Amino acid sequence: MQTETRIPDDPGLTSRYLAGQLSTEELHAYEQHLLQNPDAVRELEATARMKVGLANLRDSGQLEKLLRAPPAIRLRWPALAAVAALVMIAIGLWRGVDAPSEMTLVATASELVDRSGRPLVPGSSYALLRTRSSSYDAVIQLPPEPQAIELRVRPETAAPAYSVALSRIHPDGSVLQIGNVSELAAQSDGFVKLYVDSSHLESGPYLFVITPAGDRTAASTTAFRVKVVASEKLR
Amino acid sequence: MANPDANVVAPTATVPPGMDRAAVEALIAKHYTGLRLLIQRRVGDAEAAADILNQAACTAWEKWQAGQVQRPEEIGGYIFQVAMNLLRNRRRKVVERSDRHVDSEVLGQLPADIDATDRWLEKKIAARVKRILQELSSARDREILVRFYLQEEEKEAICRDLALAPDQFDKVLHRARARLKELLEAYGLQKSDFFMLCL
């Protein structure tokens, strides 16, 4: 049937189905397609989420700002060993990306709460130290349930206060900041302590950057390569 | 606790022979968060939306029991199909009632009466969609997504306004959909999650 053959090639069909915009013939063909193709059901659920997500952004007043905003910085990820490039990326991130509204990275664990408002369960603690190796400086394992993961970072430049940013590195090399926090002081052991909501992390590489407050030059910025892996339960 | 990251993928696994209606209802809650929240927004009434989904679960279960679902992986399609039919019927009735005439488009724009759990779920989904918008390289592409998915404008009208060829439009949608699925599936909970539900 002609309608059926074009179904897989029409990226807008799922949205039109959910919007009730299909003709009778299209509707019949699409619903047959839906019953026979589990992937189409998955596509439909993803499209429903796209619509719900956009509606939520509209209702919360974020959509207008997003439509006007310049795109996030997209930088190529040359190689994990390229420490010099990391520092340059880190500086670029500080200057180019809006802070996300969600509480992803915070100074104290009690700031991280679950959907019912209760503080997140304390999770594992990870120390970020520059290893100068070609692999990652730290590997964070995601817990099965949301937890407040403690990060202990040792900056390479002494300063009274620091700002920290965490960014996800996408497979295509683009980098997107997912959280930042400022006015952090180092503890007596030289480490700066902060917390991340594990539910905001995904498996994959991240870039963690710490910079002395008010001094965002390459010489003072320290970048760490962090790998996040799924919990044993999720594999 | 429902986790939107874990629930994106519809069941493609084998449904155990002993699956009961409660399991089908749980299936909706767990795997069709997007559908449930979308219906809730369209209806504007959490209870009415729950009725629609319960009925969809009931019908899907009856078809399963009657052997009308030829292959177990079809049950996800049945749930969507029944739920969307019920939603269409409800919207048609609202439009036809002259004494309480409400523009169905206006109804869809109203913030839904949703509870704290669903607000949390929506926020999590919105964060993923926000990331997609932030990653898009042009304001034009962001506008395409909003006009097509949210405002539900026709593809032809958007292409005309933005001087786009149809294949350019399709590419933008294709990239956005692929990225959304990637983000929603990032935790790797897919078919195995469905198995756990049915055990």
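Keep in mind the model is a prediction, meaning the values are calculated, not measured.

Enquirer: Would you take a moment to explain the packing of helix α4 (residues 38-59) of chain A against helix α2 (residues 33-43) of chain B for this structure?
Expert: A pair of packed helices is characterised by two quantities: the angle between their axes and the separation of those axes. The contact between α4(A) and α2(B) brings their axes to 8 Å, and the two run at 50 degrees. Between α4(A) and α2(B), the interaxial angle falls into the category oblique. As for how α4(A) packs across α2(B), the hand of that crossing is left-handed. Contact residues: α4(A) offers A:Glu45, A:Ala48, A:Arg49, A:Lys51, A:Val52, A:Ala55, A:Asn56, A:Arg58 and A:Asp59, while α2(B) offers B:Thr33, B:Gly34, B:Leu35, B:Leu37, B:Leu38, B:Arg41 and B:Arg42. Split into classes, the residues belonging to the contact of α4(A) with α2(B) amount to six nonpolar, three polar and seven charged.

Enquirer: Any chance you could explain the nonpolar core here in plain terms?
Expert: Soluble, globular proteins show a tendency: their nonpolar side chains are buried together. Counting residues in each nonpolar core, the largest one holds 65 residues, and the members touching the most others are A:Tyr17, A:Leu54, B:Ile39 and B:Leu145. Ranked by residue count, the leading element in this core is α4(A), at ten residues. Apart from residues no more than four positions distant in its own chain, A:Tyr17 is found in contact with A:Leu22, A:Leu27, A:Tyr30, A:Glu31, A:Leu34, A:Leu44, B:Phe80, B:Gln81, B:Met84 and B:Arg88. A:Tyr162, A:Val181, A:Val192 and A:Phe208 belong to the second-largest nonpolar core, a separate cluster that totals 25 residues.

Enquirer: Would you explain the packing of α4(A) against helix α7 (residues 139-150) of chain B in this entry?
Expert: Where α4(A) meets α7(B), the axes come as close as 9 Å, and the angle between the chain directions of the two elements is 105 degrees. One finds that α4(A) runs roughly perpendicular with respect to α7(B). Facing A:Thr47, A:Met50, A:Lys51, A:Leu54, A:Ala55 and A:Arg58 of α4(A), the residues of α7(B) in contact are B:Leu145, B:Val146, B:Phe148, B:Tyr149 and B:Leu150.

Rules used in this analysis
Residues numbered from 1 in each chain as written. Chains lettered and ligands numbered in written order. Predicted model: local features only at pLDDT ≥ 70, side-chain atom pairs only at ≥ 80, totals over all residues. Heavy atoms only, no water. Axes fitted to C-alpha atoms, helices over the stretch in contact; angles between N-to-C directions. Helix = DSSP H or I, 4+ residues; strand = E, 2+ residues; numbered from the N terminus. Parallel < 35°, antiparallel > 145°, perpendicular 65-115°, else oblique. Left-handed = near helix turned anticlockwise from the far one by under 90°. Contact = heavy atoms within 4.5 Å. Nonpolar A, V, L, I, M, F, W, Y, C, P; charged D, E, K, R; others polar. Core = buried A, V, L, I, M, F, W, Y, C linked by side-chain atoms within 4.5 Å. Buried < 20%, exposed > 50% of the residue type's maximum accessible area, 1.4 Å probe, protein only.

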